[in-house]
Amino acid sequence: MAAPMIPAAKTASPRRLLMQRFAESPLAVLGLGTLLLLLGFAALAPWVAPQNPYDIGALEIFDSQLPPGSVSEFTGTTYWLGTDGQARDVLSAMLYGMRTSLIVAVTSVLGALLIGTTIGMVAAYIGGWVDAVLMRIVDLQLSFPAILVALVLLSVLGQGVDKVILALVIVQWAYFARTARSTAMVERNREYVLAARCLNLGSRRIIFRHMLPNCLPPLIVIATIDLAHAIAAEATLSFLGIGVPVTEPSLGMLIANGFEFMMSGQYWISFFPGMALALLILAINLVGDHLRDILNPRNAQ
Amino acid sequence: MTAAERPLLSVERLQTHFHTRAGVVKAVDGVDLTLRRGEILGLVGESGSGKSITGFSILGLIDPPGRISGGRIGFDGRDLVTLPEAERRRLRGKDIAMIFQDPSMTLNPVLRIDTQMIEAVQAHEKISRQAALRRARDVLVAVGIPSPDERLQAYPFELSGGMRQRIAIAIAMINRPRLIIADEPTTALDVSIQGQIIHEVKALCRQTGTALIWITHDLAVVAGLADRIAVMYAGRVVETGTTAEVIRNPQHPYTQGLIASVPSRETRGHRLYQIPGMTPSLLNLPPGCAFSARCAHATETCRTAPELTETGAGRAFRCWHPVGDRR
Amino acid sequence: MLVFVINRLLQSVIVLLVMSVLVFVGIFLIGDPTAMLVSPEATDLERQMVREALGLDRSMLVQYLSFMGNALQGDFGRSFLTGQPALQLILERMPATFELVIVAMGFAVLMGVPLGMLAGMRPEAPSSRAIMALSIFGFSLPTFWIGLMLIMVFAVQLGLLPASGRGPTVEVGPLKLSLLTLQGWYHVALPALTLGLAKAALLIRVTRAATREVLPMDYIKFARAKGLPARRIFGVHLLKNIMIPILTVSGLEFGQAIAFAVVTESVFSWPGMGKLLIDSIITLDRPVVVAYVLIMVFFLVILNLVVDLLYMAIDPSSREKVRD
């Protein structure tokens, strides 16, 4: 049957076109809006949070475990989302916790993206045994559950925000390496790379100035979706008590702290950080899913 | 009309439309066909002419977004279009069977041949596995498969293309259907095997009195096979008649073009004729004769669709300017 | 065929060797090995004795060989907390984990495959879209979060199911099983659901993709043209073809599920080897951690091998390819 012809797009800048196509999905726009809102709150936590949850002196110990909407008898402030076992305002702790979660996740994804892409592109460009060895390592790494690798790494490394970031980079780089390699393998045989080689440009220049920009779209998609994985992984590690230290609680740790109170019906200590975590992950997934649809060259035509 | 005189199959004004996002594709748009018991009909047309869709419509295998939107398909006194799906299923494979184009795709790759043959029998009859297996073996012998017992134990990938198509034919014949629809069953095969298969299918149909619709784009194939020919263009039958009449005295310019583009002794050394232009898109087809854009004889009159002109029993064409008598 | 199996076995042995070296390097060379093998409360004299016992003055190769030699004999050292052999501790907890994972995977397959087929048959239907939306939830939300929500609803609010522990066990030979009692099923329900949901979501996606790939195939249309009932077309012709990716993924996910049981077991205080791992990491009980890691590596490598062989058993044409 004759395939319906798609009318050729009017000349528009690629970025504008991308934004137009992104706006086609209301769900993705909703996801992006939510994500930006949460990012904004997390970044501005010290200014928008009603309380500094790290400042022990500001806590009123008799205000502990208050349900949402309670008004403090001492300071007169309203705890919109209640207080936890240490009388911390759940809303404030949540905003600060989101900040920690995002810092860890974004840093680790950027690190993994950088390392993985470099290794993947080098493997594709050089080929031969270098490629074979690197890809075997990637296969090996990917055949082991990420959570287990991270757990064992942290048991060796010890606690700390930097250690968590390092562990997450180590478990994530392989995904980027594999994607970067497979896209670079396609690009490697394109005319423009051959042309650059004929011009006798250096390998580094060819890889990073010529091939990299063309390999970016799939990497961006992977990075977006991986951000959600990183947030979930960090939350899981912290929930288990082997992630970030107590002094810098992330969402996962806040949820763990509230876990014991949940059994006695004081749901809010875990529930609200949990909702924030779920909202964050779902928003990123909505954006990532749609990005994958519009950046996938197979779907483009 | 008594039951004996009544045609086995009579397709009347059949319309099968596909409702796509870009618009309605009228793949089959008013097709008429008649077939008597044991008769062999060659359904000829280019790809996109709607010949395969016509075959699938008769079998009731049109999937969304496609739909039979009009007409009737009379089969042995019953209208298949309005028949409930449960009863249609009972007809499929039992009274009407089909052979597909690509033998490498028609047999399920993970099921053994015996499984695929036995289930075809057991879907329509309460019969033991052994009895069904015996029948499967007999049919394999009938379609000319050597050492059938071994083949029954095989998986499709272990067999050659020709062998697979013979098995597909055997499956179609296993329930002694009254009508077989063969959708270009030889195009995917080697030329040497093509001839054999055509010959065998013809012989089997004659032997068992099975009617056959042979769908093809190749006029030369049906010339030696069919009793009658129907030529399709852009979702309509543009000419029909006995094989001899259609080939010796074509009335529609399109049929004439098709015949002229078949290589023969006379055309040897000459450049083969080629019909100018392309098959029109079936999406938003303009009114009038669909062939007019490619036709040398087209006039203003062709802006309106020509009705079917009957010039004798079973002889008809759809053209304002028939070309047959001008030679 | 035989050559392939031998080849595959050799590969597995190589992977095992590489992983043992990595674990050795990770645990024994990065950081102070005595700190890792001796409890933090040990005296200097004890440290000295361990150092000599380990032969840290010897070359790395000798150290590695003695480490592997012991490991091959099932000697992974003793737990600092209980003094029991680490291997024995893990083996005792293994049945609980396997019970949990088997129930979870069973749930995932029973739930994921039919829903995935349904979503694949009618991709545009609202029900299919709902299934896919749900699978995004199950796919992206962390397991511990799902477990928490289930506890909140079913254990705390409704009081229907227990939120922790394994319930009474029945001894079958050396194994202690809880699935033989009704109480055991009550206890396993929430943790298995938690662990299974993410796997079900994955299987929905895999099944849907496979269904969408197989349905337009000519052999499905040919099966319909034969007049087969829908039951047979979907239950045999479709299912047997999509079984190949489903079984491959299920097999590999079985290993993932055992790893993820670490999280689920912690949430539900399920006394399996995952909970043991977390407890050991937190209490710095290194020998147990090392033993767990090596056993998991061994198990995952074997699982990969089994999945490969299983794949050949289902897909007749893959046998042909191997023979060539």
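Predicted model only: the values in this text are computed from it and were never measured. (Residues numbered from 1 in each chain as written. Chains lettered and ligands numbered in written order. Predicted model: local features only at pLDDT ≥ 70, side-chain atom pairs only at ≥ 80, totals over all residues. Heavy atoms only, no water.)

Q: Describe the pairing of strand β11 (residues 309-312) of chain B, with residues and values.
A: Residue and element names in this part refer to chain B. Bridge count for β11 against strand β12 (residues 315-317) is 3 bridges, and the pairing is antiparallel. Residue pairing in the sheet places G312 in a bridge with R315 of β12. Hairpin connection between β11 and β12: a loop of 2 residues separates the two successive antiparallel strands, and G314 in this loop has a positive phi of roughly 70 degrees. (Pairing = 2+ DSSP bridges. Helix = DSSP H or I, 4+ residues; strand = E, 2+ residues; numbered from the N terminus.)

Q: Got a sec to walk through the pattern of salt bridges? Specific residues and values, please.
A: Residues and elements named next belong to chain B. Applying the stated criterion to the full structure yields 29 salt bridges over all chains. Where E39 meets R228, a salt bridge forms, and the shortest distance between an N and an O atom there is 2.8 Å. With E39 in the loop between β2 (23-35) and β3 (40-44) and R228 in strand β9 (residues 228-233), this residue pair connects regions lying 189 residues apart in the sequence. The pair formed by E39 and R228 is uniform in burial state, with each residue classed as buried. When the shortest N-O distance is used, the salt bridge between E125 and R135 registers 2.9 Å. Taken together, the residues E125 in the loop between α4 (113-122) and α5 (129-142) and R135 in helix α5 connect sequence positions 10 residues apart. Residue classification places R135 among the partly exposed residues on the basis of a relative accessible area of 23%. When salt bridges that share partners are traced, they join R37, D76, D95 and R178 into one network. (Salt bridge = Lys/Arg side-chain N within 4 Å of Asp/Glu carboxyl O. Buried < 20%, exposed > 50% of the residue type's maximum accessible area, 1.4 Å probe, protein only.)

Q: Can you break down the sheet that holds strand β10 (residues 236-242) of chain B residue by residue, with the values?
A: All names here are of chain B. Overall, mixed pairing links the 8 strands, which are arranged β6-β7-β8-β3-β9-β10-β12-β11 in an open sheet. Each end of this open sheet is capped by a strand with a single partner; those strands are β6 (96-99) and β11. For this sheet, the mean angle separating the axes of adjacent strands, direction not counted, is 20 degrees. Against the sheet, helix α11 (residues 253-260) makes contact with β3, β9 and β10, and its axis sits at roughly 110 degrees relative to β9, the strand it touches most. (Axes fitted to C-alpha atoms, helices over the stretch in contact; angles between N-to-C directions. Contact = heavy atoms within 4.5 Å.)

Q: Explain the packing of helix α10 (residues 230-267) of chain C against helix α11 (residues 273-282) of chain C to me, and be specific about the residues and the numbers.
A: All names here are of chain C. Between α10 and α11, whose axes approach to 7 Å, the crossing angle comes to 75 degrees. On the basis of the axis angle, α10 is roughly perpendicular to α11. Residues I258, V262, E265 and S266 of α10 form the contact with α11, whose participating residues are M273, G274, K275, L277 and I278. Across the contact of α10 with α11, the residue classes break down as 5 nonpolar, 2 polar and 2 charged. (Parallel < 35°, antiparallel > 145°, perpendicular 65-115°, else oblique. Nonpolar A, V, L, I, M, F, W, Y, C, P; charged D, E, K, R; others polar.)

Q: For the UniProt feature "transmembrane region" (unreviewed entry) in chain A, give the residues involved together with the corresponding values.
A: All names here are of chain A. Annotation from UniProt places "transmembrane region" (unreviewed entry) at residues 102-126, 138-158, 164-180, 219-247 and 267-288. The distance separating the terminal C-alpha atoms of residues 102-126 is 35 Å; by composition the span is 100% helix and 0% strand. Secondary structure content for residues 219-247 is 72% helix and 0% strand, while the C-alpha to C-alpha distance between its ends is 34 Å. (UniProt positions renumbered as here; feature names shortened; annotations may be inferred.)

Q: I'd love a proper account of the UniProt feature "domain: ABC transmembrane type-1" (unreviewed entry) in chain A, names of residues and values included.
A: The feature "domain: ABC transmembrane type-1" (unreviewed entry), as annotated in UniProt, sits at residues 98-288 of chain A in this numbering. Secondary structure content for residues 98-288 of chain A is 85% helix and 0% strand, while the C-alpha to C-alpha distance between its ends is 20 Å.

Q: Explain the nonpolar core residue by residue, including any values.
A: Generally speaking, a soluble globular protein has its nonpolar side chains buried in company with each other. Residues M98(A), L151(A), I231(A) and L277(A) are the most contacted members of the largest nonpolar core, which totals 144 residues. Those residues in contact with L151(A), other than ones at most four positions away along the chain, are L237(A), L240(A), I242(A), V262(C), L277(C), I278(C) and I281(C). Formed by 96 residues, the second largest nonpolar core is a distinct cluster that contains L189(B), V201(B), L212(B) and F291(B). (Core = buried A, V, L, I, M, F, W, Y, C linked by side-chain atoms within 4.5 Å.)

Q: Describe the sheet that holds strand β5 (residues 78-79) of chain B, with residues and values.
A: Residues and elements named next belong to chain B. If you trace the 4 strands from one edge of the open sheet to the other, you get β2-β1-β4-β5, paired in antiparallel fashion. Two strands bound the open sheet, and with one partner strand each, they are β2 and β5. By the bridge criterion, 2 bridges tie strand β4 (residues 66-75) to β5 in an arrangement that is antiparallel. Note on β5: the bridge partner recorded for F75 is R78. Of the strands in this sheet, β1 (9-20), β2 and β4 are in contact with helix α1 (residues 51-59), which crosses β1 at around 110 degrees.

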